[in-house]
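The lines below spell out each chain.
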Amino acid sequence: VWDEYFSWGEFAELSSNPPSVEASRIVDAIGSLDDTRLKHGDANGAYTQSYLFGTDTWVSLPESRWPKHWKGNYNNLIVPVILALYGHPDAGGRGEAHCEGKILGLGFVKIADEWKRLYWHPQKRAVLLVYVDHFRLAARRERQDELWKALRSVIDMGEESEGARFLGVDHETAEAEAKDAYFFLRQKPE
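On a predicted model such as this, the values are computed, not experimentally measured, just so you know.

## Observations concerning the overall build of the chain
When helices and strands are counted, the chain shows four helices and nine strands. Counted from the first residue to the last, the chain has its helices and strands arranged as α-β-β-β-α-β-β-β-β-α-β-β-α. Put simply, 59% of the contacts in the chain that link residues at least 6 apart link residues at least 24 apart. Summed over all atoms, the accessible surface of the chain reaches about 12600 Å², with 53% contributed by carbon and sulfur.

## Things to note about helix H2 (residues 91-105)
Given a rise of 1.5 Å per residue, 15 residues ought to cover 21 Å, and the 21 Å separating the end C-alpha atoms of H2 matches this to within 8%. All of the buried residues in H2 are Ala 91, Gly 92, Gly 93, Gly 95, Glu 96, Cys 99 and Ile 103. Structurally, H2 contributes buried residues whose contacts are with strand S5 (118-121), strand S6 (126-131), strand S7 (134-140) and helix H3 (141-154). At the exit of H2 stands Gly 107, carrying a positive phi of roughly 105°.

## Side note on the side chain of Gln 144
Among the secondary structure elements, Gln 144 is positioned in helix H3. At a separation of 3.3 Å, a polar atom in the side chain of Gln 144 contacts the main-chain carbonyl oxygen of Leu 137. What Gln 144 contacts, discounting residues up to four positions off in sequence, is Arg 37, Leu 38, Lys 39, Leu 137, Ala 138 and Ala 139.

## Thoughts on the pattern of salt bridges
Evaluated as defined, the whole model comprises eleven salt bridges. For Glu 96, the salt bridge identified is with Arg 117, shortest N-O distance 4.0 Å. In this pair, Glu 96 is assigned in helix H2 and Arg 117 in the loop between strand S4 (109-110) and S5, connecting sequence segments 21 residues apart. Taking the relative accessible area as the measure of exposure, Arg 117 reaches 5% and is therefore buried. Lys 110 is the salt-bridge partner of Glu 100, the closest N and O atoms lying 4.0 Å from each other. One end of the pair, Glu 100, is in helix H2; the other, Lys 110, is in strand S4, and ten residues separate them in sequence. Because the salt bridges share partners, they merge into one network encompassing Lys 39, Arg 152, Glu 159 and Glu 160.

## Some words on the pairing of S7
A large share of S7 lies buried, amounting to five of its seven residues. Note that strand S1 (residues 36-42) and S7 share seven bridges and pair antiparallel. Along S7, the bridge assignment pairs Arg 37 with Ala 139. The pairing of S6 with S7 spans five bridges and is antiparallel. Bridged to Val 130 within S7 is Phe 135. Taking the residues between adjacent antiparallel strands as the criterion, S6 and S7 are bridged by two residues, where Val 132 takes a positive phi near 55°.

## Thoughts on the nonpolar core
Note on soluble globular proteins: their nonpolar side chains tend to be buried together. Judged by nonpolar contacts, the single largest core of 17 residues is most densely connected at Ile 103, Phe 108, Leu 128, Val 130, Phe 135 and Leu 137. Leu 128 has contacts with Ile 103, Phe 108, Arg 117, Leu 118, Tyr 119, Phe 135, Arg 136, Leu 137 and Leu 151, leaving out every residue within four places of it along the chain. If you look at the next biggest cluster of nonpolar residues, it comprises seven residues, including Leu 38, Leu 118, Val 127 and Leu 129.

## Side note on empty space enclosed by the protein
Tallied over the entire structure, the rule returns one cavity of 30 Å³ or more. As for the largest cavity, its lining consists of Ala 43, Ala 46, Tyr 47, Gln 49, Gly 95, Glu 96, His 98, Cys 99, Arg 117, Val 132, Phe 135 and Ile 155. Ranked by residue count, the leading element in the lining of the largest cavity is H2, at four residues. In the lining of the largest cavity, the residues fall into seven nonpolar, three polar and two charged.

Procedures and definitions
Residues numbered from 1 in each chain as written. Predicted model: local features only at pLDDT ≥ 70, side-chain atom pairs only at ≥ 80, totals over all residues. Heavy atoms only, no water. Helix = DSSP H or I, 4+ residues; strand = E, 2+ residues; numbered from the N terminus. Contact = heavy atoms within 4.5 Å. Areas by Shrake-Rupley, 256 points an atom, 1.4 Å probe, with all protein chains shown as cover. Expected span 1.5 Å × (residues − 1). Buried < 20%, exposed > 50% of the residue type's maximum accessible area, 1.4 Å probe, protein only. Polar contact = N/O pair within 3.5 Å; in protein donor to acceptor, adjacent residues only side chain to side chain. Salt bridge = Lys/Arg side-chain N within 4 Å of Asp/Glu carboxyl O. Pairing = 2+ DSSP bridges. Core = buried A, V, L, I, M, F, W, Y, C linked by side-chain atoms within 4.5 Å. 1 Å grid on protein atoms, 1.4 Å probe; cavity = no way out; pocket = protein on both sides within 12 Å on 5 of 7 lines; lining within 4 Å. Points joined across faces, edges and corners; volume = space filled by probe spheres on them. Nonpolar A, V, L, I, M, F, W, Y, C, P; charged D, E, K, R; others polar.

Structure follows, in structure tokens:
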């Protein structure tokens, strides 16, 4: 990225705060308790759900992204970046701040400043861990649907699932592992 003098662009980067593996293990432990379920969900275009503030950023928009009525009327169109696009140094911090505001508005609270992206819902007794666009929620089985519905009401996201990949680790529920073991035991030896 270059500035208006064709020098390297400099950004005042907001640091994004990925959760720790220990925080993920806390969610695993709570999700393994009796009558508790652990589910995963993904936000759609997580960063672009928030606006980019701070230093103005302008980009050359490729013609393939222009509306039809612009074609033939412009060349080398330069436009401001309004949404927090993936790859921009401030996108992670803006996306996290936007997401955290939505989560806190649902009644979740930050567990501690040291535990980044880990939230507790005192009334629903649920723990939520967020990393960019990945959500992990451990809550009592009967509360899962209402909590996911609340999250989808403020964050554009798809349906939740039982197993997923989070922080480089594949997660499966005990039920899924039991089904795999049952299938394996039913196979006839060659």
